[in-house]
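Reading the structure
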Amino acid sequence: MLSMQFGYTGKILRVDLSSGRCRAEELDEKLAKDYIGGRGLGCRLIFNELPQGVDPLGERNKIYLLTGPLNGTQIPFSSKYTAVTKSPLTDSYTRTLSGGHFAADLKYAGYDGLIIEGRAERPTYLFVDGQNVSLRDASHLWGTSTSQAESEIRHELCDPEIRVAAIGPAGENLVRFAAVINQSRAAGRGGLGAVFGSKKLKAIALRGGGQVNIAKPARYAELLGEAYRRVKAHPQTPARIAFGTPGTVAFTHELGVLPVKNYSMSVFPQVDGISGETMRKRIVIHDESCFSCPLPCGKLSVVKDGPYSGTIVEGPQYESIGMLGSNCLIGDIGAVAKANMLCNELGLDTISTGNAIGFAMECFQRGLLDKGQIGRLEPKFGDAQGQFEIIKMIAARRGLGEILAEGVKRAAGIIGGGSEKFAMHVKGLEMASFEPRAAVGMGLLYATASRGACHSMGPTFRQEVEIGLTSPDKKPELVIKNQNHYCLQDSFVLCCFSRYGLDLKMCLDFLEAVTGDGISAAEAEKIANRIYTLERCFNIGEGLFKEADLLPERSLKEPLPDGPARGNTVPLEEMLTRYYGIRGWDAETGIPTEATLEALDLQFAADRIRAAIASARKTSK
Amino acid sequence: MIRLKVDSIKCAGCKICQLSCSFHHEGSVGIKMARMRVEINRSSALNVEAARIDLPIVCEQCQDAPCAEVCPVGAFVLDGGLGIYLLDEGTCTGCGVCIDACPHRVLIMHPGRNVPVKCDLCAGEPRCAKNCPTEALKTTS
């Protein structure tokens with residue numbers, strides 16, 4: 001276990017909420033070598049440990065909250081942790097990330113990760129204070145907002161520097177897209193918050209006093225200097241610091257990529273009201289960084305006047321602006337900030353929330369919602385106050401909120417009337433703020449991402465601007481390249497903005513300096529393919545085949561009515577066939593071939609794949 | 001004379017300064033052994049002025065140096081070149097009265113060596129300021 005002294009802590013803490021037993025286990029060195037850490041390790045562990053077909057909100061689901069070998073160091077962009085679990089939205093694999101200071105403090109507390117299983121009898125929070133691990137009563141915290149839970153836990157543990165990741169009422173009420181929030185940073189997508197809630201786990205609190213050991217300190221210091229120089233010299237760095245991710249709003253809108261009115265169009269005349277420039281001018285008071293990050297893209301916003309006065313939130317970020325703003329025809333950054341604050345406090349994913357409300361607004365406009373479903377509510381596009389009300393109703397599972405809390409896939413099943421055609425999701429996960437008809441690579445990404453319609457598993461948008469947004473040419477290659485890069489990034493674990501200075505070579509150089517054990521670019525590529533294909537195998541074991549790699553009918557058949565991509569749809573089928581071919585998956589079925597499994601050292605998955613195919617055949621007969 | 005200058009309104013709370021300090025002095029990748037700290041007051045941002053949301057707290061190198069003043073064994077020695085007090089660890093008994101005397105609560109006890117650690121301006125090239133990405137910490141002369 002010698003190399004485990006460097007980079008990794010070498011320990012994983014397994015917490016069984018049912019029995020109350022907490023024990024530190026050795027990190028399996030072979031797994032760390034084959035899967036790096038974070039997402040890679042998580043996908044291997046969940047494949048190994050989770051029986052097929054478990055209820056995501058049942059006692060048998062597990063949470064793998066993991067860091068990687070680079071977290072806790074001074075390496076730029078190394079603030080993120082990854083959580084892997086079975087998603088209550090997609091009933092299959094999901095991974096979610098969050099920044100802030102949580103990952104570093106988990107390492108400093110002495111652990112590479114936490115495995116949380118079982119279900120507590122009453123509301124509980126986990127306190128990890130180095131080797132002292134305790135499960136504490138959280139009955140008095142049940143019902144509190146995420147920031148209240150954080151401050152009360154700090155208060156009762158008498159330490160203002162305790163890190164807390166908590167759910168709000170939405171997670172407690174098992175809203176399928178509930179988030180876990182750590183100091184206003186969200187592990188948002190896929191419903192991790194609902195899994196916490198189902199386990200009666202209100203929060204995880206950490207005290208990290210330790211350190212990370214570096215195998216080659218001189219090399220590490222040299223690389224750090226180079227990394228800082230590169231981040232500073234990157235041409236987009238000044239704009240990213242000035243405007244954060246919202247700096248992209250005007251640009252995506254100009255290209256028809258910003259979703260408008262539940263993805264029914266792409267021109268939004270009020271876009272200036274939600275642009276990064278407007279946001280900076282009107283509400284941003286302070287720049288914020290995650291731990292060890294030299295690129296402070298976080299924006300602390302305070303709305304000082306007007307109807308949304310008193311709003312304070314870190315953000316909103318690009319994705320939240322698209323989904324809670326233009327997608328609901330709301331063109332006031334103050335209103336978006338308020339909606340974002342509500343989502344954070346109640347513990348909701350802003351992307352799925354904005355998407356679900358846009359969907360409800362369209363259902364209302366089409367007369368598909370009956371009185372029993374909406375009561376006196378009139379969910380109209382552009383109505384910010386109405387949107388706030390629906391956000392609260394979702395978190396409380398009240399009225400229309402009860403339906404929307406299920407996510408748009410299930411909501412469309414309840415509402416009916418053909419609403420599934422414009423329920424904008426893949427596999428049950430709501431689409432993010434990129435209109436796929438205006439950037440068709442993003443469409444292929446949504447269709448094939450392991451966790452559903454996710455933008456953050458290898459976004460292609462920026463490169464598509466160079467090679468043609470609406471052309472399917474070279475898109476399968478590009479999607480795979482980016483998906484693979486994200487597999488590695490999520491396993492190190494680094495932020496996606498590591499692109500502002502760190503290329504793969506530098507990441508691998510850092511890996512070697514930190515752990516003392518390097519891998520070549522070719523090995524890294526193989527690890528990335530291994531991770532992606534294993535996630536696929538997990539999903540196949542849960543009954544997801546090619547039919548699940550599907551976009552909503554709106555994206556496939558309804559030509560975009562306006563903007564630069566006017567008239568376009570996503571030519572998914574032709575891209576998909578090529579995509580499967582390059583991945584080494586069967587072109588007809590999307591199932592990894594036995595040769596591919598062998599090449600990636602995934603023979604252990606072959607039995608499950610064969611069984612899944614056999615059972616699918618039986619069902620179709 | 002070299003000194004550290006703090007412009008807290010620019011601080012984004014990344015703690016690169018603490019990481020740099022720990023690494024330079026202790027070879028440790030962590031933040032608890034740093035000779036300065038950043039306080040993060042984000043959750044109460046509405047009630048504090050913007051300049052205190054992320055607040056770096058550094059050794060002010062006090063002229064009247066309460067740490068040196070209260071030391072019972074005279075372990076703090078004035079460095080002529082830098083014009084600051086440095087701790088002579090050989091003389092120090094680890095009693096810790098200097099830690100209580102520090103008006104900025106920036107002196108800390110080293111967890112391994114049982115002596116206080118004090119900012120020495122990295123012998124004239126403070127790593128915290130060198131690596132600060134937002135210029136919230138600067139070196140002035």
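Structure report, in brief. Numbers given for residues are sequential positions, taken from 1 along each chain in its written order. A letter from A marks each chain and a number from 1 marks each ligand, given out in the order of writing. In keeping with the predicted nature of the model, local features appear solely for residues at pLDDT of at least 70, side-chain atom pairs appear and are counted solely at 80 or more, and the whole-chain, interface and lining totals rest on all residues. Processing note: side-chain calculations cover all non-hydrogen atoms of the structure and skip hydrogens and water entirely.

**Concerning the overall build of chain B**
Threshold: In this description a helix means any DSSP run of H or I spanning at least four residues, a strand means any run of E spanning at least two, and both kinds are numbered starting from the N terminus. All radius of gyration figures rest on C-alpha atoms, and the globule criterion is 2.2 Å times the number of residues raised to 0.38.
For chain B, the count of helices and strands is 4 helices and 8 strands. In chain B, the succession of α and β elements from N to C terminus is β-α-β-β-α-β-β-α-β-β-α-β. The C-alpha radius of gyration of chain B comes to 15 Å, within 12% of the 14 Å expected for a compact globule of 141 residues. Projected onto its principal axes, the C-alpha coordinates of chain B cover approximately 45 × 30 × 30 Å.

**Observations concerning the side chain of A:Gln483**
Residue and element names in this part refer to chain A. What counts here: Relative accessible area decides the class of each residue, using a 1.4 Å probe on protein chains only: under 20% of the type maximum gives buried, over 50% gives exposed, and in between gives partly exposed. Any N or O atom pair separated by 3.5 Å or less is treated as a polar contact, with the protein-specific requirement of one donor-capable and one acceptor-capable atom, and with residues adjacent in sequence counted only for side-chain atom pairs. By definition, residues are in contact when any of their heavy atoms lie within 4.5 Å.
Structurally, Gln483 can be placed in helix 20 (residues 475-492). For Gln483, a relative accessible area of 0% translates into the label buried. Reaching out from Gln483, the side chain makes a polar contact with the side chain of Thr448 at a distance of 2.9 Å. Those residues within four positions of Gln483 in sequence are excluded, and the remaining contacts are Leu445, Thr448, Ala449, Met457, Gly458, Tyr532, Tyr579 and Arg583.

**A short note on helix 2 (residues 38-49) of chain A**
Residue and element names in this part refer to chain A. Operational definition: Each helix should span, by expectation, one fewer than its residue count multiplied by 1.5 Å.
With 12 residues, helix 2 should cover 16 Å at 1.5 Å per step; its first-to-last C-alpha distance of 16 Å lies within 8% of that length. Of all 12 residues in helix 2, 10 are buried, a share of seventy percent or more. Listed in full, the buried residues belonging to helix 2 are Gly38, Arg39, Gly40, Leu41, Gly42, Cys43, Arg44, Leu45, Ile46 and Phe47.

**Some details on helix 17 (residues 408-415) of chain A**
One turn of the α-helix equals 3.6 residues, which is why residues spaced by three or four share an orientation. All names here are of chain A. Note the cut-off: In this description, the arc belongs to the directions extending from the helix axis to the C-beta atoms.
Taken residue by residue, helix 17 has Val408, Ala411, Ala412 and Ile415 as its buried positions. Take helix 17 and look down its axis: the buried residues cluster within an arc of 100°, on one side only. Of the surrounding secondary structure, the elements contacted by the buried residues of helix 17 are helix 13 (350-365), helix 14 (371-374), helix 16 (400-404), strand 16 (425-426) and strand 17 (429-430). Phi for Gly416, located one or two positions after helix 17, is positive at around 65°.

**Observations regarding the interface of chain A and chain B**
To be explicit about the condition: Take the accessible area each of two parts loses on contact, using a 1.4 Å probe, and add the two losses: that sum is the buried area. We define a salt bridge as a side-chain nitrogen of Lys or Arg found within 4 Å of a carboxyl oxygen belonging to Asp or Glu. Basically, the charged four are Asp, Glu, Lys and Arg, the nonpolar ten are Ala, Val, Leu, Ile, Met, Phe, Trp, Tyr, Cys and Pro, and anything else, Gly included, counts as polar.
Tallying the contact residues gives 36 residues for chain A and 28 residues for chain B. A combined buried area of about 2,400 Å² lies between chain A and chain B, and 61% of that area is made up of carbon and sulfur atoms. Remark: the boundary between chain A and chain B carries 1 salt bridge. Our enumeration of links across chain A and chain B arrives at 8 residue pairs in polar contact (both at pLDDT 80 or more). Breaking the side of chain A that touches chain B down by element, the ones donating at least two residues are helix 4 (146-156), helix 7 (217-233), strand 13 (284-288), strand 14 (298-302) and strand 15 (312-314) of chain A. Partitioning the side of chain A that touches chain B into residue classes produces 16 nonpolar, 13 polar and 7 charged.

**Observations concerning the environment of A:Thr90**
All names here are of chain A. Inspection of the secondary structure puts Thr90 in the loop between strand 4 (81-86) and strand 5 (93-98). Relative accessible area serves as the criterion here: at 5%, Thr90 is assigned to the buried category. Separated by 54 residues in the primary sequence, Thr90 and Thr144 place their C-alpha atoms 27 Å from one another. At a separation of 3.0 Å, a polar atom in the side chain of Thr90 contacts the side chain of Ser92.

**Topic: the packing of helix 20 of chain A against helix 22 (residues 521-541) of chain A**
Residue and element names in this part refer to chain A. So the rule is basically this: Here an angle of 0 to 180 degrees is reported between the N-to-C directions of two axes, which are lines fitted to C-alpha atoms, with helices fitted over the stretch in contact. Orientation is classified from the angle alone, with under 35 degrees giving roughly parallel, over 145 giving roughly antiparallel, 65 to 115 giving roughly perpendicular, and any other angle giving oblique.
Direction vectors running N to C along helix 20 and helix 22 enclose 95°, while the axes themselves pass 8 Å from each other. As summarised for this structure, helix 20 and helix 22 are arranged roughly perpendicular, according to the angle between their axes. Contacts from Gln483, Asn484, Cys487, Leu488 and Ser491 of helix 20 reach helix 22 at Ala524, Glu525, Ile527, Ala528, Asn529, Ile531 and Tyr532. Each residue belonging to the contact of helix 20 with helix 22 can be placed in one class, and the counts come to 7 nonpolar, 4 polar and 1 charged.

**Some details on the state of the cysteines**
When the sulfur atoms of two cysteines share a covalent bond, that bond is a disulfide. Residues and elements named next belong to chain B. Filter applied, for reference: In this description, a disulfide is simply a cysteine sulfur pair whose atoms lie within 2.5 Å.
Taken as a whole and assessed by the stated rule, the structure comprises 0 disulfides over all chains. Between Cys11, a cysteine without a disulfide, and Cys17, which holds the nearest cysteine sulfur, the sulfur-to-sulfur distance is 6.4 Å. Taking relative accessible area as the criterion, Cys11 reaches 7% and is therefore assigned buried. Free cysteine: Cys14, not disulfide-bonded; nearest cysteine sulfur from Cys17 at 6.3 Å.

**A closer look at unusual backbone geometry**
Residues and elements named next belong to chain A. Omega for the peptide link from Gly315 to Pro316 comes to -5°, which places this bond in the cis form. Structurally, Pro316 is set in the loop between strand 15 and helix 11 (318-325). Phe492 connects to Val493 through a cis peptide bond whose omega is -10°. Structurally, the position occupied by Val493 is in the loop between helix 20 and helix 21 (504-515).

**Let's talk about the pairing of strand 4 (residues 76-79) of chain B**
Residues and elements named next belong to chain B. For the record, the criterion: Two strands qualify as a pair provided that DSSP identifies no fewer than 2 bridges between them.
Bridging between strand 4 and strand 5 (residues 84-87) involves 4 bridges; their strand directions are antiparallel. In the strand pairing of strand 5, Phe76 is matched with Leu87. Linking strand 4 back to strand 5 in an antiparallel pair, the connection comprises 4 residues, with Gly83 at a positive phi of about 70°.

**Points about the sheet that holds strand 15 of chain A**
Residues and elements named next belong to chain A. Read from one edge of the open sheet, 3 strands run 13-14-15, paired in antiparallel fashion. Here the strands that pair on one side only, and so sit at the sheet edges, are strand 13 and strand 15. Adjacent strand axes in the sheet meet at a mean angle of 15°, parallel and antiparallel pairs treated alike. Relative to strand 15, strand 14 is paired through 3 bridges, and the arrangement is antiparallel. Within the sheet, the bridge partner assigned to Leu300 lies in strand 15 and is Glu314.

**Digging into the packing of helix 12 (residues 333-346) of chain A against helix 15 (residues 384-396) of chain A**
Residues and elements named next belong to chain A. It is at 10 Å that the axes of helix 12 and helix 15 come closest, and there the two elements cross at 5°. It follows from the interaxial angle that helix 12 and helix 15 lie roughly parallel. Along the contact surface, helix 12 presents Ala335, Lys338, Ala339, Leu342, Cys343 and Leu346, while helix 15 presents Ala384, Gln387, Phe388, Ile391, Lys392 and Ala395. Of the residues belonging to the contact of helix 12 with helix 15, the class tally is 9 nonpolar, 1 polar and 2 charged.

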